[in-house]
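Residue-level structure breakdown
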Amino acid sequence: MTARGIAGWHTVMRARDPREGHRAATPLELLFDLCFVVAVSQAATQWHHALSEGHAGSGLAGYLMVFFAIWWAWMNFTWFASAYDTDDVPYRLLTLLQMAGVLVLAAGVPAAFTEYDFTVITLGYVLMRVAMIGQWLRAAAEHPEGRRTALRYAAGITVVQLGWIARLALPQPWGLIGFVALAVAERLVPIWAEYRGESTSWHPEHIAERYGLLTIIVLGEVILATLAGVQDAISEHGLSPTVLLVILGGLVLVFSLWWIYFTGAETTFESLRTALVWGYGHYLIFASIAAVGSGLHTALNIAEHTAHTSVRADAFALAVPVGVFLLVLLFLHRLTGTGAVGRPIIIAVGAVLVLALAAASDALGIGATVLAIGLATAATLAAELVSTARSASRS
């Protein structure tokens, strides 16, 4: 019986084998993801409110800023857990502190949207980053081979976090400029920490699985947001033809996005650079998926005549995230050498078609536009599958 099996109170933190077989997400990681979905849901809800009230311009900046905070905290935990998951009592308690920070962050999302007040979000971030610093310091103390890298992570996170706290005192527009500068600094920390040090022993298959699982969970949030809109519409005006078209189009769209994401060969990372680009690119993947839910919810508001925005504005609020999802995923698959051979032209045509349908939304109406966007995405998927089959038959 192992030491963990006997007690589990403390296991010496050592880097996990990056070639470890059957390395799967743990129940603790899945629970952690569910806490993050609460924050994602809050961001998507506030973006929906901005869309339906006709404040898409100001709401978009708030959405992207809030979503960065959510995504980056999740990414930090995910990569650390891939390398140093001891799953003992200290590790679980520090993870609990991070989960508490996520919930505090989620509570601060409305104020960040309406007033650009990031005080509560920053407080939640402090809780998460203190726990993350503690994890890295523990790794430095118990894993001598990776001490230099771990200390670099701890130092980099500490300095940037102090910057986030200081940013609260900045007036606009300096607050926004400070946000952009600190967001860049956050992304540079892993690059600096891994530079000329002992590379963190993250597990390629485990990382790919974690991103795939969160993609599914965020798609689930889209379904939940759409359901909320459907319930509101039906309770007010019943099941109208427009609402039915939005429901059908939304379901086809969500299913197609899921299928497209998981189409192609297994994702592989040949270098840290490739892995980081894959990870960083998922900021746009996750944000665009969540935005699809907001667009569908607003479409239902338009169907019941409770939204203060135009059909075209909402159509683009739905089509642009779909296009971003397709193009960013194309780039990431090309980077890692996965996906079908014919993918670039297929995805490009699909993205252009979706945007063209949004441009024609005034003539089509919101219900037909959502259905058409869903069918166009499904057609993109079908073309990919045909291309994949042809490539397989030639090889």
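Scope of this entry: the structure provided in the associated data block. Not measured: the values here are computed from a predicted model.

**Re the packing of helix 3 (residues 56-84) against helix 8 (residues 174-194)**
Packing of helix 3 against helix 8 leaves a shortest axis separation of 12 Å and a crossing angle of 20°. Compared by their axis directions, helix 3 and helix 8 come out roughly parallel. The chirality of how helix 3 crosses helix 8 is left-handed. Along its contact with helix 3, which presents Met-65, Phe-68, Trp-71 and Trp-72, the element helix 8 presents Leu-176, Phe-179, Ala-183, Glu-186, Arg-187 and Pro-190. Looking at the contact of helix 3 with helix 8, its residues break down into eight nonpolar, no polar and two charged.

**Some points on unusual backbone geometry**
Here the amide bond leading from Gln-172 into Pro-173 is cis, since omega sits at 5°, within 30 degrees of zero. Mapping Pro-173 onto the fold places it in the loop between helix 7 (147-167) and helix 8. In this structure, Asp-87 is a non-glycine residue whose phi angle is positive, near 55°. In this fold, Asp-87 is placed in the loop between helix 3 and helix 4 (89-107). Taking relative accessible area as the criterion, Asp-87 reaches 22% and is therefore assigned partly exposed. Located in the positive-phi region is Tyr-116, a residue other than glycine, with phi close to 55°. Within the secondary structure, Tyr-116 is located in the loop between helix 5 (109-115) and helix 6 (119-142).

**Brief notes about the pattern of salt bridges**
Under the counting rule described, the total for this entry stands at ten salt bridges. For the salt bridge of Glu-20 with Arg-16, the shortest nitrogen-to-oxygen distance reads 2.7 Å. Judged by its relative accessible area of 22%, Arg-16 is partly exposed. Between Arg-16 and Asp-85 there is a salt bridge, and its shortest N-O distance comes to 3.7 Å. A residue pair is termed long-range when its members are at least 10 positions apart, and Arg-16 in the loop between helix 1 (3-6) and helix 2 (27-52) and Asp-85 in the loop between helix 3 and helix 4 qualify at 69 residues. According to the relative accessible area criterion, Asp-85 is buried, its value standing at 6%. Salt bridges sharing common partners tie together Arg-16, Glu-20 and Asp-85.

So, how was this worked out
- Counting of residues starts from 1 at the beginning of each chain's written sequence and follows it residue by residue.
- Residue-level local features of this predicted model are given only where pLDDT is at least 70; pairs of side-chain atoms are given and counted only at 80 or more, and the full residue set underlies all totals for whole chains, interfaces and linings.
- Neither water nor hydrogens contribute to the side-chain values; these are computed over all heavy atoms in the structure.
- To obtain each axis, a line is fitted to C-alpha atoms, and for helices this fit is confined to the stretch in contact; angles are then taken between N-to-C directions over 0 to 180 degrees.
- The helix and strand labels rest on DSSP assignments: H or I over at least four residues marks a helix, E over at least two residues marks a strand, and numbering proceeds from the N terminus.
- What sets the label is the angle itself: under 35 degrees gives roughly parallel, over 145 gives roughly antiparallel, 65 to 115 gives roughly perpendicular, and the rest give oblique.
- Handedness of a crossing follows from how the near helix is turned relative to the far one, being left-handed for an anticlockwise turn of less than a right angle and right-handed for a clockwise one.
- Contacts: residue pairs with any heavy atoms within 4.5 Å of one another.
- Gly counts as polar in this scheme, as do all residues outside two lists: the nonpolar Ala, Val, Leu, Ile, Met, Phe, Trp, Tyr, Cys and Pro, and the charged Asp, Glu, Lys and Arg.
- To sort residues, take the accessible area from a 1.4 Å probe on protein chains only and compare it with the maximum for the residue type: under 20% means buried, over 50% means exposed, and anything in between is partly exposed.
- Here, a salt bridge means any side-chain nitrogen of Lys or Arg that lies within 4 Å of a carboxyl oxygen of Asp or Glu.

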